[in-house]
Amino acid sequence: MKNWNNTAFRSLVCFLVLFVCLHLHMFRPGNAEADVVTHSGTIGAHTTWTSVDIHRITGTVTVSSGIILTIEPGTIVKFNAGTSLNINGVLDAAGNESEKIVFTSYRDDSIGGDTNGDGFSTGQPGDWGRISFGDSVVDFLTRLEYAVVRYGGSGNSGNVYIAQADFPVRFSDISYGSS
C-alpha cells in the first residue's frame with residue numbers, strides 16, 4: 001500500500017463506492033429496475049401490492065365485496081389501455097407525503113421507467129379507464145390518500161368514479177384525465 005499513488009487509490013475507492021451504491025439501487029430512478037407484476041380479473045382474497053414491484057393492470061381488475069386490496073406507500077400501478085380498477089370491497093391505498101401511490105398510464109415513463117419497452121413516452125388523458133368505487137364499498141375501511149391518479153378517464157369516465165360511497169380522498173392529485 002505504501003507504493004500506491006493517491007490517484008490509483010482514489011480511483012479504486014470511487015469504483016467501490018459506485019459499485020456498492022448501484023448494487024443497493026441508490027441511484028435507481030423510481031422503480032425503474034423493479035419487477036413488473038401483471039394483474040387482471042377478480043381479486044377474491046385479501047391482497048397487498050408492494051412498492052418493491054411495479055404493478056401493471058393488463059385487464060380490468062375487480063376487488064370483490066368483502067375483500068381488501070392494500071396498496072403500500074410508494075407503489076406504482078400502471079394501466080393498459082381500456083382497463084380499470086373496480087372496487088366493490090375495500091381499497092386501502094394510503095401513501096404518505098414522501099411516498100405517494102401512483103396510478104398512471106402504461107405509457108407514462110416518467111414514473112417507474114419504460115415498463116412497456118417502447119422507448120421514452122408520456123401518458124395521455126384517456127389512456128386507461130378509471131378507479132371505480134361501487135355501492136358495496138366498505139366506507140369506513142376504504143381510503144385513497146397521498147395518491148397521484150393521472151392519464152385515465154377513457155370514454156369520458158373521469159380518473160376516479162365514486163358511486164354511493166362515502167370515504168376520504170385526501171392529499172391526492174387527480175389530474176390529466178380525459179374528463
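Quick note: structure is the one above.
Here is a short report on the structure shown in this document. It should be emphasised that the depicted structure is a prediction, and the values quoted were computed from it without experimental measurement.

### Focus on the environment of Phe120
Part 1 of the argument: Within the fold, Phe120 resides in the loop between β8 (101-105) and β9 (131-133).
Part 2 of the argument: With a relative accessible area of 66%, Phe120 lands in the exposed category.
Part 3 of the argument: Each C-alpha atom, one on Phe120 and one on Asp108, is 8.4 Å from the other, the two residues being 12 residues apart in sequence.
Part 4 of the argument: Every residue in contact with Phe120, bar those within four places of it in the chain, is listed here: Asp109, Ser110 and Asp114.

### Re unusual backbone geometry
Part 1 of the argument: For Tyr146, which is not glycine, the phi dihedral falls at a positive 50°.
Part 2 of the argument: Along the chain, Tyr146 turns up in the loop between β10 (143-145) and β11 (147-150).
Part 3 of the argument: Residue Asn156 is not a glycine yet carries a positive backbone phi of 55°.
Part 4 of the argument: Within the fold, Asn156 resides in the loop between β11 and β12 (160-162).
Part 5 of the argument: With relative accessibility at 62%, the residue Asn156 sits in the exposed group.

Rules and cut-offs
- Residues numbered from 1 in each chain as written.
- Predicted model: local features only at pLDDT ≥ 70, side-chain atom pairs only at ≥ 80, totals over all residues.
- Heavy atoms only, no water.
- Helix = DSSP H or I, 4+ residues; strand = E, 2+ residues; numbered from the N terminus.
- Buried < 20%, exposed > 50% of the residue type's maximum accessible area, 1.4 Å probe, protein only.
- Contact = heavy atoms within 4.5 Å.

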